[in-house]
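Summary of the model geometry
Each chain, letter by letter, is given below.
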Amino acid sequence: MKYIPIVMLLLLAACKTPDVVTQAVVEPRENKVEITKPKNIVLLIGDGMGLSQISAGNYDNDNQTALEGFPVVGIHKCHSSSKLVTDSAAAATSFACGVKTFNGAIGVRADSTPVQTILEELEERGFSTGLVATSTIVHATPASFIAHNEYRKNYEAIALDFLETEVDYFVGGGKKYFDRREDERDLIAELKARDYTVEDYLTDFKDCELPASGNFAYFSADKDPLPYDQGRDYLVDASKAGLSFLDNHGDQGMFLMIEGSQIDWGGHANTPSYVLTEFYEFDIVIQEVLDWAKEDGETLVIVTADHETGGLSIRETSTMDSLDIEFISTHHTATMIPVFAYGPGSDLFSGIYENTAIYDKMRQALQLD
Ligand SMILES: [Zn+2]
C-alpha cells in the first residue's frame, strides 16, 4: 500500500512538466484535413467513364474493380462554360488549367486566351511529365494538357505545341499529324533533334527500349489506335513503363496523365461490349498504378472521367452474369462524375465540387505558391 501513492506522485509530477501542459494547450482537436505533400501525381482519366460505366464494368468483371482500392471518393460537376453537357476538350481543360471553357476548346479560357496547364507549370518547375492515351496524342484529352487552341480538331497545330513544352514521355496515336503535314515540316525529326527517342507501331511497345537519358515518344498508330478488343494492347505496358521512366528521369517528382480514351467511343457507338472491354483494360491500368503508388508511398493517384457518354443504363432484366445495357443517347450526358483518390493529399478530393477544383486540389496537394 505504501508504494502506490509514491508511484502516483511520480506520475503526477511527470504529467505536470511544462512540455506536456503546453502541448495539450496548443494542439486543440480540430476537424482539419491533414495534408501530406506528394512527390508525384498520376491522373487517370477514363473518357466517358461515368458511374454507370464503372458499375457495368464492375459487374462484368466478377463484381470487382481496382477502384475499390481507393479510400477517398468525391464527385465533380462536369458542365463547361458554354453547355451543360461538356465535351472532352472543355472538360480536360478544366482539369489541366482550372478554368471552365467552351466545348471544343483546348487549353484556352472562355475568352479564347491561352492559359498555362499544370503539365506546363510542373515541367517548368523541373518535374518529369508524361502523357499516355489510347486516342491520338493530339486528341482532346491529352492535347488539353500541353496545347492551346480554340478548336480541338486543329490536330496539326496542336502537334506543334509538343515542341513548345518538353513533355518527357508520351505515347498515343496520330503519327501522321507529326510527319505528313500540310506545312511539310517533319516534327518527328524535330523531336529527335531535341533529344527524343521516337518509336512507332512498326515495333511493339513492349519491344521498345526506353532511353537511359533524354525523352521518349511512341506513336501507336497513324491516326486512331485500334480498340482493345481488336488487338490494341499497349496501354498497360506504356503506363507501367511511363511510371518507371519518369521516376528515374529526375528527382523532382513526376506528373503523368493516362487516358483510357475509347470507353467514350464505345458509348458513342452504343456498343456495350466496346465500353466493357475498354473499361476492363483501363481497370488493369488503374490497379497497376495503385500498386506502384503503394510501393512508392509518395504518389497521389487520382482517377476520374471527363463526362459520361451514352446515358448508359443497366436494365432491370440484367443479372450479374448477363448485363442488359441500354443507352439513351449517342452523345455525352451531364451526370456528375466520381473521383477516386489515393496517397498523400488524397483527402482533398472528398466532397462535391466543380471539375476545375481537380486542378486546384492537385496544386494544393503539391503546395504550389
Ligand atoms: Zn465523346
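Look above for the structure.
Quick summary incoming for the structure in this document. Quantities reported herein were computed from a predicted structural model and do not represent experimental measurements.

**Focus on the overall build of the protein**
Across its full length, the protein carries 13 helices and 14 strands. For the protein, the spread of C-alpha atoms along the principal axes amounts to about 95 × 55 × 45 Å. Taking all 369 residues of the protein together, the buried fraction comes to 54%. Contacts in the protein between residues at least 24 apart in sequence constitute 72% of all its contacts with a sequence separation of at least 6. Put simply, the protein shows about 16,700 Å² of open surface, and 50% of that area lies on carbon and sulfur atoms. Charged side chains of the protein number 28 positive and 59 negative; the gap between the two group centres comes to 6 Å.

**Here we look at the coordination of the zinc ion**
Taken together, D264 (OD), D264 (OD), H268 (NE2) and H332 (NE2) make up the protein donors of the zinc ion, found 2.1 to 2.3 Å from the metal. Taken together, the four donor atoms coordinating the zinc ion span angles of 57 to 152° at the metal, a pattern that classifies the geometry as irregular. The sequence pattern describing where the donors of the zinc ion fall on their chain is D-x3-H-x63-H. Here H332 lies in strand β12 (residues 332-333) and H268 lies in helix α11 (residues 263-268), a separation of 64 residues in the sequence.

**Structural notes on the pattern of salt bridges**
Scanning the model with the defined rule gives 19 salt bridges in all. Between K100 and E354 there is a salt bridge; the shortest N-O distance is 2.7 Å. With K100 in the loop between α4 (88-97) and α5 (118-124) and E354 in strand β14 (residues 351-354), this pair connects stretches of sequence that are 254 residues apart. Residues E190 and R185 are paired through a salt bridge, measuring 2.8 Å at the closest nitrogen-oxygen approach. One continuous salt-bridge network, built from bridges that share partners, spans K175, D179, R180, D200 and D222.

**Notes on the sheet that holds strand β7 (residues 254-260)**
Whenever strands of a sheet pair, they do so through backbone hydrogen bonds, lying parallel or antiparallel. The strand order across the open sheet built from 10 strands is β5-β6-β4-β3-β7-β1-β8-β13-β2-β14, with neighbouring strands paired in mixed fashion. Each edge of the open sheet is held by one strand with a lone partner, namely β5 (196-200) and β14. Each neighbouring strand pair of the sheet contributes to a mean axis angle of 15°, computed without reference to strand direction. Strand direction decides the pairing type here: strand β3 (residues 128-136) and strand β4 (residues 169-173), joined by four bridges, are parallel. Opposite L131, over in β4, you have F170 as the bridge partner. Packed on one face of the sheet, helix α12 (residues 272-296) meets β1 (40-46), β3, β7, β8 (299-304) and β13 (337-342) and runs near 165° to β1.

**Digging into the packing of α4 against helix α13 (residues 356-365)**
How two helices pack is summed up by the angle between their axes together with the distance between the axes. Running from N to C, α4 and α13 point in directions that differ by 20°, and their axes come no closer than 6 Å. One way to sum up the angle between α4 and α13 is to call them roughly parallel. Our pair here, α4 against α13, has a crossing hand that is right-handed. Every residue of α13 that contacts α4 at S94, F95, A96 and C97 is listed here: T356, I358, Y359 and M362.

So, how was this worked out
Residues numbered from 1 in each chain as written. Predicted model: local features only at pLDDT ≥ 70, side-chain atom pairs only at ≥ 80, totals over all residues. Heavy atoms only, no water. Helix = DSSP H or I, 4+ residues; strand = E, 2+ residues; numbered from the N terminus. Buried < 20%, exposed > 50% of the residue type's maximum accessible area, 1.4 Å probe, protein only. Contact = heavy atoms within 4.5 Å. Areas by Shrake-Rupley, 256 points an atom, 1.4 Å probe, with all protein chains shown as cover. Lys, Arg positive; Asp, Glu negative; His and termini not counted. Charge placed at Lys NZ, Arg CZ, Asp CG, Glu CD. Donors = N, O, S within 2.8 Å, 3.2 Å for Na, K, Ca; no water. Tetrahedral: all angles 85-135°; square planar, octahedral: opposite > 155°, others 65-115°. Salt bridge = Lys/Arg side-chain N within 4 Å of Asp/Glu carboxyl O. Pairing = 2+ DSSP bridges. Axes fitted to C-alpha atoms, helices over the stretch in contact; angles between N-to-C directions. Parallel < 35°, antiparallel > 145°, perpendicular 65-115°, else oblique. Left-handed = near helix turned anticlockwise from the far one by under 90°.

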